[in-house]
Amino acid sequence: TMLTTLVSEIEFADSGYAYMVNKTGHFIAHPNFDMVLNQYNPLEEAKKDAGLQPLAAIVERMIQGERGYGEYLWIDNTQKFMGFAPVPNTTWSIAITAPRVEVLAPLQSLKTGVLIATLFFLLIGIGVAMYLGFLLAKPIKASAILTQDISQGDLTIDISEEFLNRQDEIGM
(Lines give C-alpha, C1' and ligand atoms only; values in the text may rest on other atoms or scores of the structure.)
Protein backbone atom coordinates (compact mmCIF):
# COMPACT_ATOMS: atom_id res chain seq x y z
CA THR A 1 0.00 0.00 0.00
CA MET A 2 0.96 3.63 -0.34
CA LEU A 3 1.17 4.00 3.44
CA THR A 4 3.61 1.11 3.74
CA THR A 5 5.71 2.58 0.92
CA LEU A 6 5.90 5.94 2.70
CA VAL A 7 6.73 4.41 6.06
CA SER A 8 9.31 2.08 4.48
CA GLU A 9 11.31 5.10 3.33
CA ILE A 10 11.90 6.20 6.93
CA GLU A 11 15.23 4.87 8.19
CA PHE A 12 17.10 5.22 11.45
CA ALA A 13 20.59 3.98 12.31
CA ASP A 14 21.75 1.07 10.15
CA SER A 15 18.72 -1.19 10.27
CA GLY A 16 16.07 0.89 12.03
CA TYR A 17 12.69 1.44 10.44
CA ALA A 18 9.27 2.94 11.01
CA TYR A 19 5.85 1.32 11.27
CA MET A 20 2.32 2.38 12.09
CA VAL A 21 -0.47 0.90 14.19
CA ASN A 22 -4.16 1.65 14.20
CA LYS A 23 -6.46 2.18 17.19
CA THR A 24 -6.70 -1.58 17.81
CA GLY A 25 -2.92 -2.15 17.71
CA HIS A 26 -2.77 -3.81 14.28
CA PHE A 27 0.15 -2.95 12.03
CA ILE A 28 -1.17 -0.86 9.15
CA ALA A 29 2.23 0.00 7.69
CA HIS A 30 5.50 -1.90 8.08
CA PRO A 31 8.57 -2.49 5.89
CA ASN A 32 7.76 -6.21 6.06
CA PHE A 33 4.44 -6.08 4.21
CA ASP A 34 3.53 -9.57 5.47
CA MET A 35 3.07 -8.02 8.92
CA VAL A 36 0.40 -5.77 7.42
CA LEU A 37 -1.24 -8.53 5.36
CA ASN A 38 -1.34 -10.87 8.37
CA GLN A 39 -2.69 -8.03 10.55
CA TYR A 40 0.05 -8.47 13.12
CA ASN A 41 -1.04 -7.15 16.50
CA PRO A 42 1.49 -7.07 19.37
CA LEU A 43 -1.33 -6.93 21.92
CA GLU A 44 -2.72 -10.26 20.71
CA GLU A 45 0.73 -11.80 20.21
CA ALA A 46 1.77 -10.87 23.77
CA LYS A 47 -1.03 -13.12 25.05
CA LYS A 48 0.76 -16.06 23.38
CA ASP A 49 4.35 -14.92 23.98
CA ALA A 50 5.13 -13.27 27.33
CA GLY A 51 8.40 -11.95 25.88
CA LEU A 52 6.35 -9.47 23.84
CA GLN A 53 4.76 -7.88 26.94
CA PRO A 54 7.06 -4.81 26.88
CA LEU A 55 6.18 -4.20 23.22
CA ALA A 56 2.47 -4.67 23.97
CA ALA A 57 2.71 -2.11 26.79
CA ILE A 58 4.28 0.39 24.37
CA VAL A 59 1.64 -0.30 21.70
CA GLU A 60 -1.04 0.25 24.35
CA ARG A 61 0.45 3.68 25.01
CA MET A 62 0.49 4.33 21.27
CA ILE A 63 -3.21 3.46 21.03
CA GLN A 64 -3.90 5.96 23.82
CA GLY A 65 -2.36 8.69 21.66
CA GLU A 66 0.72 9.19 23.81
CA ARG A 67 4.15 10.34 22.68
CA GLY A 68 7.11 8.58 24.15
CA TYR A 69 9.75 5.93 23.86
CA GLY A 70 10.45 2.47 25.13
CA GLU A 71 12.60 -0.62 24.92
CA TYR A 72 11.44 -4.11 24.02
CA LEU A 73 12.54 -7.50 22.74
CA TRP A 74 11.44 -8.09 19.13
CA ILE A 75 10.37 -11.47 17.71
CA ASP A 76 13.87 -12.07 16.31
CA ASN A 77 15.34 -11.68 19.85
CA THR A 78 16.79 -8.26 19.07
CA GLN A 79 16.64 -5.74 21.90
CA LYS A 80 15.21 -2.54 20.39
CA PHE A 81 14.60 1.09 21.28
CA MET A 82 11.51 2.78 19.92
CA GLY A 83 10.14 6.31 19.82
CA PHE A 84 6.50 6.90 18.95
CA ALA A 85 3.92 9.63 18.43
CA PRO A 86 0.32 9.91 17.26
CA VAL A 87 -0.38 10.81 13.64
CA PRO A 88 -2.40 14.06 13.69
CA ASN A 89 -6.07 13.90 12.64
CA THR A 90 -6.09 10.08 12.67
CA THR A 91 -6.41 7.26 15.18
CA TRP A 92 -3.02 5.95 14.14
CA SER A 93 0.39 6.13 15.74
CA ILE A 94 3.82 5.95 14.13
CA ALA A 95 6.90 4.37 15.66
CA ILE A 96 10.56 4.43 14.72
CA THR A 97 12.57 1.54 16.06
CA ALA A 98 16.19 0.40 15.88
CA PRO A 99 18.37 -2.21 17.57
CA ARG A 100 19.72 -1.08 20.92
CA VAL A 101 23.32 -1.85 19.89
CA GLU A 102 23.03 0.43 16.85
CA VAL A 103 21.52 3.28 18.83
CA LEU A 104 24.18 3.05 21.53
CA ALA A 105 27.13 2.45 19.17
CA PRO A 106 28.19 6.14 19.13
CA LEU A 107 28.42 6.04 22.93
CA GLN A 108 31.08 3.32 22.70
CA SER A 109 33.35 5.53 20.59
CA LEU A 110 32.65 8.45 22.94
CA LYS A 111 33.54 6.26 25.91
CA THR A 112 36.80 5.25 24.23
CA GLY A 113 37.64 8.90 23.47
CA VAL A 114 36.96 9.96 27.06
CA LEU A 115 39.10 7.10 28.37
CA ILE A 116 42.02 8.06 26.11
CA ALA A 117 41.72 11.74 27.09
CA THR A 118 41.54 10.80 30.78
CA LEU A 119 44.67 8.66 30.54
CA PHE A 120 46.50 11.40 28.63
CA PHE A 121 45.70 14.07 31.22
CA LEU A 122 46.45 11.66 34.05
CA LEU A 123 49.92 11.01 32.62
CA ILE A 124 50.47 14.76 32.14
CA GLY A 125 49.36 15.32 35.74
CA ILE A 126 51.69 12.64 37.05
CA GLY A 127 54.56 14.15 35.05
CA VAL A 128 53.89 17.65 36.36
CA ALA A 129 53.56 16.36 39.93
CA MET A 130 56.87 14.49 39.67
CA TYR A 131 58.63 17.54 38.23
CA LEU A 132 57.26 19.82 40.97
CA GLY A 133 58.16 17.22 43.59
CA PHE A 134 61.71 17.10 42.26
CA LEU A 135 61.96 20.90 42.32
CA LEU A 136 60.78 21.00 45.91
CA ALA A 137 62.79 18.01 47.14
CA LYS A 138 66.17 18.93 45.61
CA PRO A 139 66.92 21.90 47.88
CA ILE A 140 65.51 20.11 50.91
CA LYS A 141 67.81 17.13 50.32
CA ALA A 142 70.80 19.43 49.83
CA SER A 143 69.90 21.34 53.00
CA ALA A 144 69.58 18.08 54.94
CA ILE A 145 73.04 16.97 53.83
CA LEU A 146 74.56 20.34 54.81
CA THR A 147 72.75 20.27 58.16
CA GLN A 148 74.02 16.77 58.88
CA ASP A 149 77.62 17.81 58.12
CA ILE A 150 77.31 20.87 60.36
CA SER A 151 75.76 18.77 63.16
CA GLN A 152 78.85 16.54 63.08
CA GLY A 153 81.01 19.56 63.78
CA ASP A 154 82.25 20.40 60.28
CA LEU A 155 81.96 24.19 60.24
CA THR A 156 84.18 24.58 57.19
CA ILE A 157 81.44 23.62 54.78
CA ASP A 158 81.04 26.01 51.90
CA ILE A 159 77.32 26.81 51.40
CA SER A 160 76.62 27.88 47.84
CA GLU A 161 75.20 31.29 47.04
CA GLU A 162 72.19 29.55 45.51
CA PHE A 163 71.06 28.41 48.97
CA LEU A 164 72.11 31.53 50.83
CA ASN A 165 70.13 33.87 48.57
CA ARG A 166 66.88 31.89 48.53
CA GLN A 167 63.89 33.77 49.88
CA ASP A 168 62.07 30.77 51.31
CA GLU A 169 62.38 28.21 54.12
CA ILE A 170 65.46 26.70 52.51
CA GLY A 171 67.44 29.98 52.36
CA MET A 172 70.21 29.94 54.96
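Here we summarise the structure given alongside this text. (Residues numbered from 1 in each chain as written. Predicted model: local features only at pLDDT ≥ 70, side-chain atom pairs only at ≥ 80, totals over all residues. Heavy atoms only, no water.)

Let's talk about the environment of glutamine 79
- Within the secondary structure, glutamine 79 is located in strand β5 (residues 79-86).
- Expressed as a C-alpha distance, the spacing of glutamine 79 and proline 99, which sit 20 residues apart in the sequence, is 5.8 Å.
- For glutamine 79, the side chain forms a polar contact with the side chain of glutamate 71, separated by 3.3 Å. (Helix = DSSP H or I, 4+ residues; strand = E, 2+ residues; numbered from the N terminus. Polar contact = N/O pair within 3.5 Å; in protein donor to acceptor, adjacent residues only side chain to side chain.)

Regarding helix α4 (residues 53-63)
- Within α4 the residues assigned to the buried category are Leu55, Ala56, Ile58, Val59 and Met62. All buried residues of α4 fall inside an arc of 160 degrees around its axis, so they share one side.
- Packed against the buried residues of α4 are β2 (16-21), α3 (42-48), β4 (68-73), β5 and β6 (93-99).
- Of the residues one or two after α4, glycine 65 is the one with positive phi, at around 85 degrees. (Buried < 20%, exposed > 50% of the residue type's maximum accessible area, 1.4 Å probe, protein only. Arc of directions from axis to C-beta. Contact = heavy atoms within 4.5 Å.)

Observations regarding the side chain of asparagine 22
- Inspection of the secondary structure puts asparagine 22 in the loop between β2 and β3 (27-29).
- Classification of asparagine 22 by relative accessible area gives buried; the value is 19%.
- In contact with asparagine 22, other than residues within four places in its own chain, are Ile28, Ile63, Thr91 and Trp92.

Description of the packing of aromatic side chains
- Following the criterion strictly, the structure yields seven aromatic pairs and no others.
- Residues tyrosine 72 and tryptophan 74 carry aromatic rings whose centres are separated by 6.2 Å and whose planes lie at 85 degrees to one another, so their mutual orientation is edge-to-face. The residues tyrosine 72 and tryptophan 74 share a single accessibility class, namely buried.
- An aromatic cluster is present here, built from Tyr17, Tyr19, Phe27, Tyr40, Tyr72 and Trp74 joined pairwise through their rings. (Phe/Tyr/Trp six-rings, centres within 6.5 Å; stacked < 30°, edge-to-face > 60°.)

Focus on a nonpolar patch on the surface
- A cluster of nonpolar residues, Phe120, Phe121, Ile124, Val128, Tyr131, Leu132, Phe134 and Leu135, forms a patch on the protein surface that exposes about 850 Å² of accessible area.
- Mapped onto the elements of the fold, leucine 132 is located in helix α5 (residues 100-151).
- For leucine 132, a relative accessible area of 46% translates into the label partly exposed. (Patch = residues over 30% accessible without salt bridge, like charges linked within 9 Å, V, L, I, M, F, W, Y side chains within 5 Å. Areas by Shrake-Rupley, 256 points an atom, 1.4 Å probe, with all protein chains shown as cover. Salt bridge = Lys/Arg side-chain N within 4 Å of Asp/Glu carboxyl O.)

Examining the environment of aspartate 49
- For aspartate 49, the position within the fold is in the loop between α3 and α4.
- Taking relative accessible area as the criterion, aspartate 49 reaches 38% and is therefore assigned partly exposed.

Looking at α5
- Over its 52 residues, α5 runs 73 Å from end to end, which matches the ideal 76 Å to within 8%, given 1.5 Å per residue.
- If you look at α5, its biggest bend is around 30 degrees, right at proline 106.
- In this structure, the buried residues of α5 make contact with α6 (161-164).
- Remark: glycine 153 follows α5 within two positions and exhibits a positive phi of approximately 95 degrees. (Expected span 1.5 Å × (residues − 1). Bend = angle between axes of the 7 residues up to and from the residue.)

Brief notes about the side chain of histidine 30
- Mapped onto the secondary structure, histidine 30 falls in the loop between β3 and α2 (33-37).
- Look at histidine 30 and you get buried, because its relative accessible area is 4%.
- Within polar-contact distance, the side chain of histidine 30 engages the backbone nitrogen of asparagine 32 at 2.9 Å.
- Sequence-distant contacts of histidine 30, that is, excluding residues within four places in its chain, are made with Thr4, Ser8, Tyr17, Ala18, Tyr19, Met35, Val36 and Trp74.

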